[in-house]
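Spelled out from the first residue to the last, the chains are:
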Amino acid sequence: MTDQVDRILEQWSTEKPDLDVSPMAVIGRLSRTALAVESRLAATFARYGLDASSFDVLATLLRSGAPYRISPAALARDAMISTSAVAQRLNKLQTRGLVSREANPDDGRGILVALTDAGKRLIDAALAPHVETERTITQILSDDEQSLLVGLLQRINAAATHGLNESAQRTQVASANDELSDPK
């Protein structure tokens, strides 16, 4: 089965025959697949008035367990969105009444982000259809193939994130915590 990435590789082979562009076969397909998956998931989220970032924040709060509240730093660490987007996302979700910010009883200066009843109802409604969309996409692979792919993607992710400055990561989380404490 030939795809657009194969055509791109063939063009590079013609234009730059001495350059090994074989990594593009993997990275190009990862990128194109991620875009296609994101598009399918976005359609599911849209049925519930959500986008991927909003879904991830609400899902992170839900999976944290009752009473469905966590610190902004934990949210930045555990949600599948960038730390710079967390404060902005929380402002939008709070305006919609889906999350609230509460004083942290264990830290007089800190806050906790909490899932409201409306937020819990919404994420409960959206979760099963989201998982079904993911299942529809991945069911082409056997269980063994899915397990193999998970392991391979973990290795690629580790290689891609290797060498990221840990200090910069801590600074990002601290910055997100500061931004989240100020609802503006």
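Keep in mind that what you see is a predicted model, and the values were worked out from it rather than measured.

Draft legend 1. Just the layout of surface pockets, in detail. Approximately 1500 Å³ is the volume attributed to the largest pocket. For the largest pocket, the lining is made up of 29 residues, of which Leu-30, Thr-33, Ala-34, Val-37 and Leu-153 are closest to its centre. With 11 residues, the single largest contributor to the lining of the largest pocket is helix α2 (residues 23–46). Its residues assigned to classes, the lining of the largest pocket shows 19 nonpolar, six polar and four charged. When residues of the lining of the largest pocket are assigned to domains, at least three map to each of domain 1 (4–141) and domain 2 (142–183).

Draft legend 2. The arrangement of the sheet that holds strand β3 (residues 107–115) in detail. Across the sheet, three strands lie side by side as β1-β3-β2; this open sheet has antiparallel pairing. Every other strand in the sheet has two partners, leaving β1 (69–70) and β2 (99–104) as the edge strands with one partner each. Here β2 pairs with β3 via six bridges, running antiparallel. When the sheet's bridge partners are listed, Ala-103 is paired in β3 with Ile-111.

Draft legend 3. Representation of unusual backbone geometry in the model. Going from Ala-66 to Pro-67, the amide bond is cis rather than trans, its omega being 10 degrees. The phi torsion at Tyr-68 lies on the positive side, around 60 degrees, for a residue other than glycine. Within the secondary structure, Tyr-68 sits in the loop between α3 (52–63) and β1.

Draft legend 4. Here's a closer look at the confidence of the model for the chain. Here the chain averages 88 in pLDDT, while 86% of its residues score no lower than 70. The secondary-structure element of the chain with the lowest mean pLDDT is helix α8 (residues 166–181), recorded at 52, while helix α6 (residues 117–138) shows the highest, at 98.

Rules behind the numbers
Numbering of residues starts from 1 in every chain and runs along the sequence as written. This being a predicted model, a pLDDT of at least 70 is required before a residue's local features are given, and a value of 80 or more before pairs of side-chain atoms are given or counted; all residues contribute to the totals for chains, interfaces and linings. To obtain the side-chain values, all non-hydrogen atoms of the structure were used and water was disregarded. For each structure, a 1 Å grid was placed over the protein atoms alone; sets of points admitting a 1.4 Å probe that cannot get out are labelled cavities, open sets with protein on both sides within 12 Å along at least five of seven lines are labelled pockets, and lining residues have an atom within 4 Å of a point. Grid points are joined across faces, edges and corners, and a volume is the space filled by probe spheres set on the points. A run of DSSP states H or I qualifies as a helix once it reaches four residues; a run of E qualifies as a strand once it reaches two. Both are numbered from the N-terminal end. Gly is placed with the polar residues, together with every amino acid not listed as nonpolar (Ala, Val, Leu, Ile, Met, Phe, Trp, Tyr, Cys and Pro) or charged (Asp, Glu, Lys and Arg). Note that domain bounds follow an automatic or database assignment of domains. If DSSP finds at least two bridges between two strands, the strands pair. pLDDT expresses, on a scale from 0 to 100, how confident the predictor is about each individual residue.

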